[in-house]
Amino acid sequence: MSQYLEKKSQSPLYQQLMTRLKNDIAAGLYPSGGRIPSEQLLCETYGVSRVTVRKAVLDLVQEGLLTRKQGKGTFVAGEKIRRDLNHITSFSASCAQRGHQADTRLISAQLIAPAAEDALRLDLSEGEQVLELCRLRLCDGEPVMLEINRFPAAYAYLREEAAEGSLYECLQRHGVIPASAVHDLALGHATPLVSKHLGTETGDALLLLDEIVHDQHGNPLHLSRQWIRGDKFTFRI
């Protein structure tokens with residue numbers, strides 16, 4: 001039985017191919033985490049051009065059904081980690097809730113002079129530094145998120161624990177409880193630096209989350225910017 005698409009259909013070929021690939025994934029032909037065929041093989045299988053294949057695959061990547069791994073190919077996305085933005089939950093806890101193992105790679109940890117806006121949002125005294133932590137977060141060994149957190153210098157002790165996992169667990173051991181947050185969630189794109197760490201292509205669409213988190217007393221605790229792979233992570237609002 002021919003798998004060629006219907007070129008006389010009113011539905012564009014790339015949409016037909018998207019539907020066919022979705023059905024094949026649902027049927028288990030391409031299992032979760034498995035690699036889909038190459039562009040050339042998809043062209044031959046469905047009787048379409050490379051332009052059609054690239055458009056269909058790109059749209060499925062943007063939908064989060066497929067994921068591209070630099071130098072390896074395109075794969076069916078696995079189960080996503082879910083975080084509820086109505087509650088303060090660490091990345092480690094979000095992974096654990098779904099039976100996954102979180103891990104951390106510390107990129108940098110340094111005391112720096114804050115930007116004027118950061119100093120205002122963190123209610124810093126004049127001349128007070130911030131602790132900036134850049135970390136790569138992984139789930140079951142797969143890069144999911146690149147985050148930059150900025151804390152007032154009073155939390156400089158976090159630098160010693162930044163490579164160990166959850167900063168929130170460390171804060172709680174010191175009597176500090178992250179209690180509330182204001183979130184700004186937008187669509188971003190991978191810069192060369194971000195793509196290097198997340199294993200995406202430069203320019204790939206990512207979730208971009210900016211947060212200011214307050215402690216149990218209502219004091220500013222930290223600022224956060226997170227570049228997140230949408231094929232691995234989702235939010236509930």
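Quick summary incoming for the structure in this document. Computed from a predicted model, the values in this text were never measured in an experiment.

**What to know about the sheet that holds strand E9 (residues 220–228)**
Taken in spatial order, the 6 strands of this open sheet run E4-E5-E6-E9-E8-E7, and their pairing is antiparallel. Unpaired on one side and paired on the other, strand E4 (102–112) and strand E7 (178–189) mark the two borders of the sheet. For this sheet, the mean inter-axis angle between neighbouring strands, taken without regard to orientation, is 15°. The pairing of strand E5 (residues 130–139) with strand E6 (residues 142–152) spans 10 bridges and is antiparallel. Bridging across to E6, Cys134 finds its partner in Ile148.

**A word on the nonpolar core**
The biggest cluster of nonpolar side chains holds 18 residues, and the ones touching the most others in it are Leu17, Tyr46 and Leu66. Of all the secondary-structure elements, those providing two or more residues to this core are helix H1 (13–26), helix H2 (39–46) and helix H3 (50–63). Looking at which element gives the most residues to this core, the answer is H3, with 5 residues. Ranked by size, the runner-up nonpolar core spans 13 residues in total, among them Phe151, Tyr155, Ala162 and Tyr168.

**With respect to the environment of Leu209**
Position of Leu209 relative to the elements: it lies in strand E8 (residues 205–215). Since its relative accessible area comes to 0%, Leu209 is described here as buried. Residues Leu209 and Ile228 lie 19 residues apart in sequence; the distance between their C-alpha atoms is 7.8 Å.

**Brief notes about the state of the cysteines**
Among covalent bonds in proteins, the disulfide is the one between the sulfur atoms of two cysteines. Counting across every chain of the model gives 0 disulfides. In this model Cys170 remains outside any disulfide bridge; the closest cysteine sulfur is found in Cys134, 18 Å from its own. The class of Cys170 is buried, set by a relative accessible area of 1%.

**Overview of the packing of aromatic side chains**
Using the criterion set out here, one finds 2 aromatic pairs in the structure. Put simply, the rings of Phe151, Tyr155 and Tyr157 pair up and form one aromatic cluster. One cation-aromatic arrangement involves Lys55 over Tyr14; the distance from NZ or CZ to the ring centre is 5.1 Å. The residue whose ring lies beneath Lys69 is Phe75, and the NZ or CZ to ring-centre distance is 4.6 Å.

**Observations regarding H2**
Where H2 is concerned, the buried positions are Leu42, Cys43 and Tyr46. Summarising the axial view, the buried residues of H2 lie within an arc of 105°, below the 170-degree limit, and thus occupy one face. Looking at the buried residues of H2, the elements they touch are H1 and H3. Looking one or two residues past H2, Gly47 carries a phi angle of roughly 70°, positive in sign.

**Re the pairing of E5**
Summarising burial for E5: 10 of the 10 residues are buried, a large majority. Burial along E5 is two-sided: Val130, Glu132, Cys134, Leu136 and Leu138 facing one way and Leu131, Leu133, Arg135, Arg137 and Cys139 facing the other are all buried. As defined by bridge partners, E4 adjoins E5 across 10 bridges and the pair is classed as antiparallel. Across the sheet, the residue bridging to Leu106 is Arg135, located in E5. Linking two consecutive strands that pair antiparallel, namely E5 and E6, is a turn of 2 residues; a positive phi of about 50° is found at Asp140 within it.

**Side note on H3**
Between its terminal C-alpha atoms H3 stretches 20 Å, which fits the 20 Å expected from 14 residues at 1.5 Å a residue. Where H3 is concerned, the buried positions are Thr52, Val53, Ala56, Val57, Asp59, Leu60 and Val61. Residues of H3 that are buried sit in contact with H1, H2, strand E1 (66–69) and strand E2 (73–76). Two residues or fewer past H3, Gly64 is found with a positive phi of approximately 90°.

**Some thoughts on the packing of H2 against H3**
Helix packing for two helices is described by the angle between their axes and how far apart those axes are. The N-to-C vectors of H2 and H3 enclose an angle of 110°; their axes lie 9 Å apart at closest approach. By the angle between their axes, H2 is roughly perpendicular relative to H3. Of H3, the residues touching H2 (which contributes Glu39, Gln40, Leu42 and Cys43) are Arg50, Val53, Arg54 and Val57. The residue inventory of the contact of H2 with H3, partitioned by class, reads 4 nonpolar, 1 polar and 3 charged.

What counts and what doesn't
Residues numbered from 1 in each chain as written. Predicted model: local features only at pLDDT ≥ 70, side-chain atom pairs only at ≥ 80, totals over all residues. Heavy atoms only, no water. Pairing = 2+ DSSP bridges. Helix = DSSP H or I, 4+ residues; strand = E, 2+ residues; numbered from the N terminus. Axes fitted to C-alpha atoms, helices over the stretch in contact; angles between N-to-C directions. Core = buried A, V, L, I, M, F, W, Y, C linked by side-chain atoms within 4.5 Å. Buried < 20%, exposed > 50% of the residue type's maximum accessible area, 1.4 Å probe, protein only. Disulfide = S-S within 2.5 Å. Phe/Tyr/Trp six-rings, centres within 6.5 Å; stacked < 30°, edge-to-face > 60°. Lys NZ or Arg CZ within 6 Å of the ring centre and 35° of its normal. Arc of directions from axis to C-beta. Contact = heavy atoms within 4.5 Å. Expected span 1.5 Å × (residues − 1). Parallel < 35°, antiparallel > 145°, perpendicular 65-115°, else oblique. Nonpolar A, V, L, I, M, F, W, Y, C, P; charged D, E, K, R; others polar.

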